[in-house]
Amino acid sequence: MGLRTFVSDAWSWLNYKPMMANSDGRPHQGLAPQSTWLPQESMRRLAAYKVLAAYDTNQAGELAALTGNDAGAERREFGDAAVFVDTTLAHLLGKSQQIVVAGAEHAGDEGASPEALAASDVQQRLRSWAEAELFPLRMQAAERKAVLLGDAVYLLAWDPQKGRVRLRTYDPGFYFPVLEEDADPGDYPQRVHLAWEIPEDPQHGTKARVRRITYELGPIMAAVPNTLGEVSADRGLAADGTGGYLLEPGDVSRAANGAIERTYPWAPDRPTGITCYLTDAEWFLDDLRHGQSLDDLPMERARVRTRSDGEVLHRLDLRIDFLPLIHISNTVADGEHFGQSTLATVMQVLDELAETDTDSARASATTGAPIIGLAGARAEVDRVTGRPRPLAVSPGTIFQLADGGRMDVLDTSGQLAELRSRVEEIRDRAAVNARLPAVSLGTVDPSDVPSGYALQLSLGPLDSLVDAMRLARAHKYALLFKLVQRIHQAGQAEGWATGPTPPVRLAFGPHTPTDRSAVLDEVVRGVGAGVLSLETGVGMLQDAGYPIEDARDEVERIAARRPAPSPSAGARPSQPSKDEEITLPV
């Protein structure tokens, strides 16, 4: 038996489980897939995803039994992990999400600049695209994976039939970035794989295979015509870079060695020699040898897929200079590419809670159907075996006891009360460690809150949690909407003008309930006293949840309903001097 290995990585918080850290530091074979094509550095990440998914679906006991813990089959789970995940997700997303383009708020001003009008047009187009692509629904699905597993993945693709960018979400277990050792962890990788295994189907006669979709950045290659004058599917550039190359529209050969540069619609004054290539292929597992990792699968054994229009998806030039993938990290990573689950800090507390629930369930069984000891009772004899039959106790059962007989009942109600108290104690501990106050979980009676200020103080940990999670996502969603604009420009979608793309952000709504009546009273007094402008007041009402779609239009409607002040309005009446005679009517 070898010595255990101390492993410290992004998933070390699961090392307390024997299934995650064997003597060699690798996960149990029941957690780690046995496929040889999987990168070894991804094994612990995939195993952690499986453990977290089991907690979310109340299957942690089943997983423990599968990996050798026989007592796991009796584990009682009541959805505490899912409640923590759903509560965190609800506070993260807030009551609403809005796409905001910088400068669009000035489009309604008199004499608005062309930049403001263009920003307003882009904002409206992005909002229409989000509605058509069901963006809030897809974001809900992706963000739940990010909160639970620590990571989520968006994929953008141009759809010529629909004339817009399509948005898809992928399980982070299919996401395999090729991370360079000397690269900055904050930089996005130059090559990313989306890969998963397809099991065999004996009914249809198909073998087990692995599908890999690869996006990679590289120098622009020209198409090579064959002897018949047709363009070959092999778009690789010859070693000497000379002769016979077909430049695609917009490509210009600027160097003597045949290097090609391209001008993209979002940077018309900055040619670049980089493009993104797409390869979509499948391999039969029988054709793969041991040691062939995902990044170096043999292309000579690949079965390249084709698009619906017949285009072969082998190093297909997408005519964009970026990877259309956005990786969402649940936490602000310090030197790590992948994020951390919200459950990471409370996994052991959840185990303790499940074990206490199991003990409480056992105590409930002995309390509801107590163990009874009878002395002096005559048991009925089984005529076949000749042995006494077990006594059955049910409502209305009468036992005849001999002289001196008695009945003793084992009372476990005291232990049950202690266990229930222990359950509440552990649940409170989990809420504190997860930074989810009891008021956010809905377990506090509103009458127990002494004041609104005390309630606000209790929500402090939740505020810091939500702020950190939104900070980790701010630049990722800004990048997503930037790529949406650029893919529309590359696809020459109607109405999407060429030129730089304006910055966009995703504004989340408030994550805690707001006292709308208090905010309204504050706005009325502040605007009436002149210490708040009308625009600021309307913005406060909008943030509080009032149905105000556009703050500027609301200000204009309020101003239009105000009566015009009379010339003498606000003027103080003149007072007569002492020398003037005041005549009162009789």
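The structure displayed is predicted, hence computed values, not measured ones.

So, the overall build of the protein
Then comes step 1: When helices and strands are counted, the protein shows 13 helices and 15 strands.
Then comes step 2: With 586 residues in all, the protein has 38% of them scored as buried.
Then comes step 3: Pairs at least 24 apart in sequence give 64% of the contacts found in the protein among residues at least 6 apart.
Then comes step 4: Element-wise, carbon and sulfur atoms account for 52% of the exposed surface of the protein, whose accessible area totals about 34300 Å².

Remarks on the pattern of salt bridges
Then comes step 1: Throughout the structure, instances matching the rule amount to 27 salt bridges.
Then comes step 2: The shortest N-O distance in the salt bridge between R305 and D280 comes to 3.6 Å. Of the two residues, R305 sits in the loop between β10 (303-304) and β11 (316-317) while D280 sits in strand β9 (residues 274-284), which places them 25 residues apart along the sequence.
Then comes step 3: Judged by relative accessible area, R305 falls into the partly exposed class, the value being 31%.
Then comes step 4: Using a relative accessible area of 5% as the deciding quantity, one classes D280 as buried.
Then comes step 5: Between D521 and R525 there is a salt bridge, with the nearest N and O atoms lying 3.2 Å from each other.

A few points about the sheet that holds strand β12 (residues 325-329)
Then comes step 1: Taken together, three strands build an open sheet; the order of strands is β3-β2-β12 and the sheet is antiparallel. With one partner strand each, in any of the chains shown, β3 (164-170) and β12 form the two edges of the open sheet. Across this sheet, the average inter-strand angle for adjacent strands is 25°, counted without regard to direction.
Then comes step 2: Across seven bridges, the pairing between strand β2 (residues 151-159) and β3 is antiparallel. The partner of Y154 across the bridge, within β3, is T169.
Then comes step 3: Against the sheet, helix α5 (residues 135-149) touches β2, β3 and β12, its axis set at about 150° to β2.

Digging into a negative patch on the surface
Then comes step 1: A contiguous patch of negative charge on the surface is contributed by E549, D550, D553 and E556.
Then comes step 2: Looking at where E556 falls in the secondary structure, it is placed in helix α13 (residues 551-561).
Then comes step 3: When its relative accessible area of 44% is taken as the criterion, E556 is described as partly exposed.

Considering the nonpolar core
Then comes step 1: Within the largest apolar cluster, 111 residues are counted, with the highest numbers of intra-cluster contacts made by L343 and F481.
Then comes step 2: The element contributing the most residues to this core is helix α10 (residues 460-490), with ten residues.
Then comes step 3: If you look at the next biggest cluster of nonpolar residues, it comprises eight residues, including V519, V523, L534 and L541.

Notes on the packing of helix α4 (residues 114-132) against α10
Then comes step 1: Look at α4 against α10: their axes get within 11 Å of each other, and the N-to-C directions meet at 95°. Regarding the angle of α4 to α10, the classification is roughly perpendicular. For the pair α4 and α10, contact is made by V122, L126 and W129 and by L480, F481, V484, Q485 and H488, respectively.
Then comes step 2: The class makeup of the residues in the contact of α4 with α10 is six nonpolar, two polar and no charged.

Quick notes on the side chain of R209
Then comes step 1: Position of R209 relative to the elements: it lies in strand β6 (residues 209-219).
Then comes step 2: A polar contact of 3.4 Å, which involves the side chain of R209, links it to the backbone oxygen of K207.
Then comes step 3: Sequence-distant contacts of R209, defined by excluding residues within four places in its chain, comprise W196, E197, I198, E282, W283, F284 and L285.

What about α10?
Two residues of an α-helix separated by three or four positions point the same way, owing to the 3.6 residues in each turn.
Then comes step 1: With 31 residues, α10 ought to run about 45 Å at 1.5 Å a step, and its terminal C-alpha atoms sit 45 Å apart, in line with that.
Then comes step 2: In α10, a bend of some 35° at R473 exceeds every other bend along the element.
Then comes step 3: A positive phi of about 55° marks Q492, the residue just after α10.

Quick word on the confidence of the model for the protein
Then comes step 1: Taken as a whole, the protein shows an average pLDDT of 81; of its residues, 83% reach a score of 70 or greater.
Then comes step 2: When the elements of the protein are averaged for pLDDT, helix α9 (residues 452-458) gives the smallest value, 61, and α5 the largest, 96.
Then comes step 3: The model gives residues 224-245 a pLDDT under 50, and that stretch makes 35 contacts with residues more than four places away or in other chains.
Then comes step 4: Per-residue pLDDT stays below 50 along residues 569-586; that stretch engages in one contact with residues further than four places along the chain or on separate chains.

Describing the environment of R125
Then comes step 1: Looking at the element boundaries, R125 is found in helix α4.
Then comes step 2: Owing to a relative accessible area of 28%, R125 belongs among the partly exposed residues under this scheme.
Then comes step 3: Counting along the chain gives 360 residues from R125 to Q485, while the straight-line C-alpha distance between them is 9.3 Å.
Then comes step 4: Beyond its immediate sequence surroundings of up to four residues, R125 is in contact with E494, G495 and W496.

Some remarks on the pairing of β2
Then comes step 1: A large share of β2 lies buried, amounting to seven of its nine residues.
Then comes step 2: Taking the residues between adjacent antiparallel strands as the criterion, β2 and β3 are bridged by four residues, where G163 takes a positive phi near 70°.

Remarks on empty space enclosed by the protein
Then comes step 1: Following the criterion strictly, the structure yields two cavities of 30 Å³ or more and no others.
Then comes step 2: As for the largest cavity, its lining consists of 13 residues, and the residues nearest its centre are E77, D80, A81, L350 and A354.
Then comes step 3: Considered class by class, the residues forming the lining of the largest cavity number six nonpolar, two polar and five charged.

Let's talk about the side chain of T279
Then comes step 1: Position of T279 relative to the elements: it lies in strand β9.
Then comes step 2: In this structure the side chain of T279 is engaged in a polar contact, spanning 3.0 Å, whose partner is the backbone nitrogen of R315.
Then comes step 3: Once residues lying within four places of it in the same chain are set aside, the contact partners of T279 are R212, I213, T214, M299, L313, H314 and R315.

Scoring rules and cut-offs
- Residues numbered from 1 in each chain as written.
- Predicted model: local features only at pLDDT ≥ 70, side-chain atom pairs only at ≥ 80, totals over all residues.
- Heavy atoms only, no water.
- Helix = DSSP H or I, 4+ residues; strand = E, 2+ residues; numbered from the N terminus.
- Buried < 20%, exposed > 50% of the residue type's maximum accessible area, 1.4 Å probe, protein only.
- Contact = heavy atoms within 4.5 Å.
- Areas by Shrake-Rupley, 256 points an atom, 1.4 Å probe, with all protein chains shown as cover.
- Salt bridge = Lys/Arg side-chain N within 4 Å of Asp/Glu carboxyl O.
- Pairing = 2+ DSSP bridges.
- Axes fitted to C-alpha atoms, helices over the stretch in contact; angles between N-to-C directions.
- Patch = residues over 30% accessible without salt bridge, like charges linked within 9 Å, V, L, I, M, F, W, Y side chains within 5 Å.
- Lys, Arg positive; Asp, Glu negative; His and termini not counted.
- Charge placed at Lys NZ, Arg CZ, Asp CG, Glu CD.
- Core = buried A, V, L, I, M, F, W, Y, C linked by side-chain atoms within 4.5 Å.
- Parallel < 35°, antiparallel > 145°, perpendicular 65-115°, else oblique.
- Nonpolar A, V, L, I, M, F, W, Y, C, P; charged D, E, K, R; others polar.
- Polar contact = N/O pair within 3.5 Å; in protein donor to acceptor, adjacent residues only side chain to side chain.
- Expected span 1.5 Å × (residues − 1).
- Bend = angle between axes of the 7 residues up to and from the residue.
- pLDDT = per-residue confidence, 0-100.
- 1 Å grid on protein atoms, 1.4 Å probe; cavity = no way out; pocket = protein on both sides within 12 Å on 5 of 7 lines; lining within 4 Å.
- Points joined across faces, edges and corners; volume = space filled by probe spheres on them.

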